[in-house]
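An overview of the molecular structure
Residue strings, one per chain:
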Amino acid sequence: FLFEHAANILNIFDTKKFYVDNLRLMTNISDRIAILIKEKGISTRALEQAIGCSNGVISRCISKGTDISSLWVSKIIEIHNDINPTWLLTGKGDI
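Residues numbered from 1 in each chain as written. Predicted model: local features only at pLDDT ≥ 70, side-chain atom pairs only at ≥ 80, totals over all residues. Heavy atoms only, no water.

Looking at the packing of helix H4 (residues 44-51) against helix H6 (residues 70-79)
Rule in force here: Helix axes are fitted to C-alpha atoms over the stretch in contact, other axes to C-alpha atoms as well, and angles between N-to-C directions run from 0 to 180 degrees. Runs of H or I in DSSP of at least four residues are treated as helices and runs of E of at least two as strands, each being numbered from the N terminus. For classification purposes, an angle smaller than 35 degrees is called roughly parallel, one larger than 145 roughly antiparallel, one from 65 to 115 roughly perpendicular, and anything else oblique. Here, two residues are considered to be in contact whenever any of their heavy atoms come within 4.5 Å of each other. Each residue gets one label: Ala, Val, Leu, Ile, Met, Phe, Trp, Tyr, Cys and Pro are nonpolar, Asp, Glu, Lys and Arg are charged, and the others, such as Gly, are polar.
Between H4 and H6, whose axes approach to 9 Å, the crossing angle comes to 95 degrees. Comparing the axis directions of H4 and H6 gives the class roughly perpendicular. Residues Leu47, Ala50 and Ile51 of H4 form the contact with H6, whose own contacting residues are Trp72, Lys75, Ile76 and Ile79. Here the residues of the contact of H4 with H6 are counted per class, giving 6 nonpolar, no polar and 1 charged.

Structure follows, in structure tokens:
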């Protein structure tokens, strides 16, 4: 019984979904913005231009792992309304 139960637990933890879901929870907003840029196939500068922020605001956020103004986050959500705002803000759920 113990070995069977342990095998089930290992199967759960070994799945790609578990890894992806938990990776998303471990990221901060700058990491999720980088993921968004990659998923959308756009450049960092294109995102900066789309939301109307100065050159380098998003790239510095990503490179330094820092937060950005809620104004820019709300603009990202407004422009990319097909993404999950909860995911962008917290990392929970699907992109």
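Comments concerning H4
Which entries qualify depends on this criterion: Note on classification: 1.4 Å probe, protein chains only; a residue is buried when its accessible area is under 20% of the maximum for its type, exposed when over 50%, partly exposed between these limits. Taken from the helix axis, the directions to the C-beta atoms give the arc we talk about.
Taken residue by residue, H4 has Leu47, Glu48 and Ile51 as its buried positions. One side of H4 carries all its buried residues, which in axial view fall inside an arc of 100 degrees. Residue glycine 52 follows H4 closely and has a positive phi angle near 80 degrees.

As for the environment of asparagine 28
So the rule is basically this: Polar contacts, as counted here, are pairs of nitrogen or oxygen atoms within 3.5 Å of one another; within protein the pair requires one atom able to donate a hydrogen and one able to accept it, and residues that are adjacent in sequence qualify only if both atoms are side-chain atoms.
Along the chain, asparagine 28 falls in the loop between helix H2 (16-26) and helix H3 (29-40). Here aspartate 31 takes part through its backbone nitrogen, which lies 3.0 Å from a polar atom of the side chain of asparagine 28. A polar contact is formed between the side chain of asparagine 28 and the backbone oxygen of glycine 65, at a distance of 3.4 Å.

Overview of H3
What counts here: In this scheme, a helix's expected span is set at 1.5 Å multiplied by one less than its residue total.
Taking 1.5 Å of rise per residue, the 12 residues of H3 would be expected to cover 16 Å, and the 16 Å separating its terminal C-alpha atoms lies within 8% of that figure. All of the buried residues in H3 are Ile29, Ser30, Arg32, Ile33, Leu36 and Ile37. Each buried residue of H3 lies within a common arc of 160 degrees when the element is viewed along its axis, so the set occupies one face. Residues Lys38 and Glu39 are exposed on H3 and point more than 90 degrees away from its buried face.

So, the pattern of salt bridges
Applied cut-off: Put simply, a salt bridge is a Lys or Arg side-chain nitrogen that is within 4 Å of an Asp or Glu carboxyl oxygen.
Enumeration according to the criterion identifies 2 salt bridges in this entry. Residues glutamate 48 and arginine 45 are paired through a salt bridge, measuring 3.3 Å at the closest nitrogen-oxygen approach. You can see glutamate 48 and its partner arginine 45 sitting in helix H4, 3 residues apart, about one turn around the helix. Among the residues examined, glutamate 48 registers a relative accessible area of 1% and is labelled buried. Taking relative accessible area as the criterion, arginine 45 reaches 31% and is therefore assigned partly exposed.

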